[in-house]
Amino acid sequence: MGTGEKIRDAKAERKQERAHKDKRSPAAEARRSDDPASQLQRVLLLVGQLNYTWTNTESLLIYLIGGLARTDKETAIIIFLTLNTPRARIDLVERLAKTEKTPSECRKDILDVTARLTRELRLRNKYNHCIYSFDPESGRGATQLMRIAETKDRVRYGKVEELDTVEIQRITESITQLANLNKAIWAIMRKYGFRD
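A brief structural summary. Please read all numbers here as calculations on a predicted model, not as lab measurements. (Residues numbered from 1 in each chain as written. Predicted model: local features only at pLDDT ≥ 70, side-chain atom pairs only at ≥ 80, totals over all residues. Heavy atoms only, no water.)

**What about the packing of helix α4 (residues 61-69) against helix α5 (residues 73-82)?**
In plain terms, the rule: Orientation is described by axes fitted as lines to C-alpha atoms, over the contacting stretch for helices, and by angles from 0 to 180 degrees between their N-to-C directions. Secondary structure is summarised from DSSP: a helix means a run of H or I of at least four residues, a strand means a run of E of at least two, and numbering begins at the N terminus for each. Roughly parallel means an angle under 35 degrees; roughly antiparallel means over 145; roughly perpendicular covers 65 to 115; every other angle is labelled oblique. Crossings are assigned a handedness: left-handed for a near helix turned anticlockwise from the far helix by less than a right angle, right-handed for a clockwise turn. Contacts are assigned to residue pairs with any non-hydrogen atoms lying within 4.5 Å of each other. Residues are sorted three ways: Asp, Glu, Lys and Arg are charged, Ala, Val, Leu, Ile, Met, Phe, Trp, Tyr, Cys and Pro are nonpolar, and all the rest, Gly among them, are polar.
One way to put it is that α4 packs onto α5 with a least axis distance of 8 Å and a crossing angle of 120°. For the element pair α4 / α5, the angle class is oblique. For the element pair α4 and α5, the recorded crossing hand is right-handed. Of the residues in α5, those in contact with L61, I62, Y63, I65 and G66 of α4 are K73, A76, I77, I79 and F80. Along the lines of polarity and charge, the residues of the contact of α4 with α5 split into 8 nonpolar, 1 polar and 1 charged.

**Looking at the sheet that holds strand β5 (residues 160-163)**
Stated formally: Strands are labelled as partners when DSSP assigns at least two bridges between them.
Across the sheet, which stays open at both edges, the 3 strands sit in the order β1-β2-β5 with antiparallel pairing between neighbours. The sheet is open, and its two borders are formed by β1 (130-134) and β5, each paired with just one other strand. On average, each strand axis in the sheet is tilted by 25° relative to the strand beside it, whichever way the strands run. Sheet topology note: the β1/strand β2 (residues 141-145) ladder contains 5 bridges and is antiparallel. In the sheet register, I131 faces β2, and the bridge partner there is Q144. Sitting on the sheet, helix α7 (residues 104-128) touches β1, β2 and β5, and the angle it makes with β1 is about 65°.

On their own, these measurements won't tell you what the molecule is for.
Here's what the structure looks like:
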């Protein structure tokens, strides 16, 4: 057996071990089970993955800020961290992209990704600013939004929404969209030289 074959065999063996290990992991069990506790675990894992993917993607705005403002990475980081909300960071990137000095193709590319990022922001905010409840008997979950809706003569708060398979699918799709956005922002950074 040649060296190349040994390396391929070792890689295949490691892949099988990882697959076997995944089958036993709590996350994998939660995906396979209808048990209410497993459903709760599944939702919490998905929300954690949504937050991780969001944060990882949002941080790339640092490079867009730096490239559009023609400043160094350290300054771009300070600007990014000074803005307290994702909406404010996205607004800044959009405004910088709309300046006359930004080439039209670059502007179009950046405004496309910021529009897509804004769409994903809604779902991320929903799951970061709610209370979760799960019925231990039925396994049904719900979210209660921690937002005030005020009209001329009424105040409402705490809208309750069922956490069903449709919502779980929305979270899963948002994670995929954020991963695609991450790749799109990296492509913009390479295309326009927005690096350190």
